[in-house]
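A closer look at the structure
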Amino acid sequence: MDAGAVLEWLDHQAAATAFSGVVLVTRDGLPVLSHAAGVAHRGHGVPVTTTTRFRVASIAKMPVAVAALRLVERGLLALDQSLIEVLPPEWVPASMTPRHTLHHLLSHTSGIPNYHDVDDPGFDSFEACWARLPPQTVRRPADLLPLVADQPLRFPAGERFEYADVNYVLVGMVVESVTGEPFADVVRREVLEPAGMLDAG
């Protein structure tokens, strides 16, 4: 398939609202194809450009984990350290016990309840969160704590795997607690800049 056919296909997908994004193909470090298609904001009809920044949702868990593991590498944290020793008391959810460690959070084996139902086939459970906590008030990981602060533990730490976004929210809180810096600054310094991802944040 030649470049013209690829561009035509992308534009067709964008017109059918099946794609909004940027495609970049490089060879030997040089761009061979760069194309933007679709809209960045459907409500206002803002088109995607090659400089549009996208929210990447759970893909961000990887740099979160890397940032925390860089702190482990430096000896500022330990994978088996009790998180109650690390977090300030006001950041400890009711479901957290002295057994909870960074390992439990990173491996989704903490049993700490998620702030939405991940088994909900639609987005009703997720959207209900923002009726309780307006998204514009969330700037740092601890801002999400009210959604889970008083929820009971679902199962003992380490008993089984259960995917829960809240685990990585708590990792962000651990990173802030250990470094005394905003989580986003730590991720930028420890992960994004060393990886050359200067336009990510």
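All of these numbers come straight from a predicted model, not from anything done at the bench.

Next up on the list: the overall build of the protein chain. In terms of regular secondary structure, the protein chain is built from 6 helices and 4 strands. Reading the secondary structure of the protein chain in the N-to-C direction produces α-β-β-β-β-α-α-α-α-α. The C-alpha extent of the protein chain, read off along each of the three principal axes, is 60 × 40 × 30 Å. Counting the 201 residues in the protein chain, one finds 34% classified as buried. Accessible area of the protein chain: about 12000 Å², with a carbon and sulfur share of 57%.

Bringing helix H2 (residues 61–73) into the picture now. Between the first and last C-alpha of H2 there are 18 Å, a value that for 13 residues agrees with the 18 Å anticipated at 1.5 Å per step. Buried residues along H2 sit in contact with helix H3 (102–106), helix H5 (165–179) and helix H6 (183–192). After H2 finishes, the residue Gly75 shows a positive phi value of roughly 85 degrees.

Our next topic: the packing of H2 against H6. One can describe the packing of H2 onto H6 by two numbers: an axis separation of 9 Å at closest approach and a directional angle of 80 degrees. On the basis of their axis angle, the class for H2 and H6 is roughly perpendicular. Contact with H2, carried on its side by Pro63, Val64, Val66, Ala67 and Arg70, involves Phe183, Val187, Glu190 and Val191 of H6 and no other residues of that element. For the contact of H2 with H6, a count of residues per class yields 7 nonpolar, no polar and 2 charged.

Once that is clear, we can look at the packing of H2 against H5. For the pair H2 and H5, the least separation of the axes is 10 Å and the interaxial angle reads 35 degrees. H5 is crossed by H2, and the crossing has left-handed handedness. Facing H2, whose interface residues are Lys61, Val64, Ala65, Ala68 and Leu71, H5 presents Asp165, Tyr168, Val171, Val175, Val178 and Thr179. Here the residues of the contact of H2 with H5 sort into 8 nonpolar, 1 polar and 2 charged.

Turning next to the pairing of strand S2 (residues 30–37). Note that strand S1 (residues 21–27) and S2 share 7 bridges and pair antiparallel. Bridge pairing links Val22 to Ala36 in S2. As consecutive antiparallel partners, S1 and S2 are separated by 2 residues, and within that stretch Asp28 has a phi angle of approximately 55 degrees, a positive value.

With the rule as written, the count across this model stands at 10 salt bridges. The residue Glu162 makes a salt bridge to Arg154 at a minimum N-O spacing of 2.5 Å. What makes Arg154 partly exposed here is its relative accessible area of 48%. Each of the salt bridges in this network shares a partner with another, and the network as a whole consists of Arg70, Arg74, Glu181, Arg189 and Glu190.

Quick notes on the rules
- Each chain has its residues counted from 1, running along the sequence as written.
- Restriction of local features to residues with pLDDT of at least 70 applies here, the model being predicted, together with a cutoff of 80 or more for giving and counting side-chain atom pairs; totals for whole chains, interfaces and linings are based on all residues.
- Side-chain descriptors were evaluated using all non-hydrogen atoms of the structure, hydrogens and water having been removed beforehand.
- Elements are defined by DSSP. Helices are runs of H or I of four residues or more, strands are runs of E of two residues or more, and each kind is numbered from the N terminus.
- Relative accessibility thresholds used throughout: buried, under 20% of the residue-type maximum; exposed, over 50%; partly exposed, between the two (1.4 Å probe, protein chains only).
- The Shrake-Rupley method, run with a 1.4 Å probe sphere, supplies the accessible areas, and residue values consider only the shown protein chains as cover.
- What a helix is expected to span follows from its residue count: subtract one and scale by 1.5 Å.
- Any two residues having at least one pair of non-hydrogen atoms within 4.5 Å are treated as being in contact.
- Lines fitted to the C-alpha atoms define the axes, with helices restricted to the stretch that makes contact. Angles between their N-to-C directions range from 0 to 180 degrees.
- Angles below 35 degrees are treated as roughly parallel, those above 145 as roughly antiparallel, those between 65 and 115 as roughly perpendicular, and all remaining angles as oblique.
- When residue character is reported, Ala, Val, Leu, Ile, Met, Phe, Trp, Tyr, Cys and Pro are called nonpolar, Asp, Glu, Lys and Arg charged, and the others, Gly included, polar.
- Each crossing gets its handedness from the near helix: less than a right angle anticlockwise from the far helix is left-handed, clockwise is right-handed.
- The pairing criterion for strands is at least two bridges between them, as found by DSSP.
- Salt bridge, as used here: a side-chain nitrogen of Lys or Arg that lies within 4 Å of a carboxyl oxygen of Asp or Glu.

Geometry only, nothing functional implied.
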